Amino acid sequence: MGQEKNPRRVAENEAMAKLRMLRTSPQKLNLVAALIRGKKVDKALADLTFSHKRIAIDVRKCLQSAIANAENNHGLDVDELVVAEAFVGKNMVMKRGRPRARGRFGKIVKPFSELTIKVRQVEEQA
C-alpha cells in the first residue's frame, strides 16, 4: 500500500525544465526566450550558442536540461523535439541604493526572474 504516483504536469509527449533565480530582468530574458519559441531544439541550441546576450548561456543550459529530461525521464526521441513553450516570470527584487546630492537617496533595483521551457515531441510528416 504505498503512496499513489503524482499526476504529470505536462502531456505524455512533453518534458519541461525550470530555472529560477536568474539575475536579469524578465524583459531582457523574454527577448532571448522569444528567439527559441517554436523552433526545433538543435536550431534553438545553435541560436543560443551564437547569441551575444549574456543570459543566453543560462537559457541554453535550461534547454539542455529539458532535452535531457525528455530523453532520460520520459523516453522521447531527441531528433523530433520542438520548443513548445518558453515563458518568463518575475522573481524577487533586491533593493539597493546610492547616496545622491542634497541628502537624497538613489534607488537601485536588481531584479531576478525565472524561466520555464517545455519541449514537445512532434512526428515529422513525410
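If you're wondering where the values come from, they're calculated on a predicted model, not measured in any experiment.

### Side note on unusual backbone geometry
(1) Moving on: Of note, Met-21 is a non-glycine position whose phi angle comes to about 60°, a positive value.
(2) Moving on: Considering the arrangement of structural elements, one finds Met-21 in strand 1 (residues 14-22).
(3) Moving on: In this structure, Arg-102 takes a positive phi of about 60° despite not being glycine.
(4) Moving on: Along the polypeptide, Arg-102 turns up in the loop between strand 2 (81-99) and strand 3 (105-121).

### Some remarks on the pattern of salt bridges
Side-chain pairs of opposite charge can arise whenever the charged atoms involved come near each other.
(1) Moving on: The tally for this structure, following the rule as stated, stands at five salt bridges.
(2) Moving on: Here Glu-12 and Arg-8 are joined by a salt bridge, their closest N and O atoms 3.7 Å apart.
(3) Moving on: Exposure remark for Glu-12: the relative accessible area of 62% places this residue in the exposed category.
(4) Moving on: On the accessibility criterion, Arg-8 (31% relative accessible area) is partly exposed.
(5) Moving on: Two residues, Asp-47 and Lys-39, come together in a salt bridge whose shortest N-O distance is 2.4 Å.

### What about helix 1 (residues 26-36)?
(1) Moving on: The set of residues buried in helix 1 consists of Leu-29, Val-32, Ala-33 and Ile-36. Buried residues of helix 1, seen end-on, are gathered within an arc of 100° and therefore sit on one face of the element. In this structure, helix 1 carries Gln-27, Lys-28 and Leu-31 as exposed residues pointing more than 90 degrees from its buried face.
(2) Moving on: Check the buried side of helix 1 and you find it contacts strand 1, helix 2 (41-49), helix 3 (56-72), strand 2 and strand 3.
(3) Moving on: Looking one or two residues beyond helix 1, the residue adopting positive phi is Gly-38, at roughly 80°.

### Some words on the pairing of strand 3
(1) Moving on: Strand direction decides the pairing type here: strand 1 and strand 3, joined by seven bridges, are antiparallel. Bridging across to strand 3, Ala-15 finds its partner in Val-119.
(2) Moving on: With 16 bridges joining them, strand 2 and strand 3 adopt antiparallel strand pairing. The residue of strand 3 that forms the bridge with Pro-99 is Phe-105.
(3) Moving on: In textbook terms, the turn of a hairpin is the stretch between consecutive antiparallel strands, and for strand 2 and strand 3 this stretch comprises five residues, one of which, Arg-102, has a positive phi near 60°.

### Here we look at the layout of surface pockets
If a probe the size of a water molecule is rolled over the atoms, the empty space left behind becomes visible.
(1) Moving on: Looking at the largest pocket, its volume works out to about 160 Å³.
(2) Moving on: Lining the largest pocket we find Asn-6, Pro-7, Arg-8, Arg-9, Val-10, Ala-15, Met-16, Asn-69, Asn-73 and His-74.

### Details of the side chain of Ser-51
(1) Moving on: As for its placement among the helices and strands, Ser-51 is situated in the loop between helix 2 and helix 3.
(2) Moving on: Engagement of the side chain of Ser-51 in a polar contact is seen with the backbone nitrogen of Lys-53, the distance being 3.3 Å.
(3) Moving on: Once residues within four sequence positions are removed from consideration, Ser-51 is found in contact with Leu-35 and Ala-56.

Analysis parameters
- Residues numbered from 1 in each chain as written.
- Predicted model: local features only at pLDDT ≥ 70, side-chain atom pairs only at ≥ 80, totals over all residues.
- Heavy atoms only, no water.
- Helix = DSSP H or I, 4+ residues; strand = E, 2+ residues; numbered from the N terminus.
- Salt bridge = Lys/Arg side-chain N within 4 Å of Asp/Glu carboxyl O.
- Buried < 20%, exposed > 50% of the residue type's maximum accessible area, 1.4 Å probe, protein only.
- Arc of directions from axis to C-beta.
- Contact = heavy atoms within 4.5 Å.
- Pairing = 2+ DSSP bridges.
- 1 Å grid on protein atoms, 1.4 Å probe; cavity = no way out; pocket = protein on both sides within 12 Å on 5 of 7 lines; lining within 4 Å.
- Points joined across faces, edges and corners; volume = space filled by probe spheres on them.
- Polar contact = N/O pair within 3.5 Å; in protein donor to acceptor, adjacent residues only side chain to side chain.

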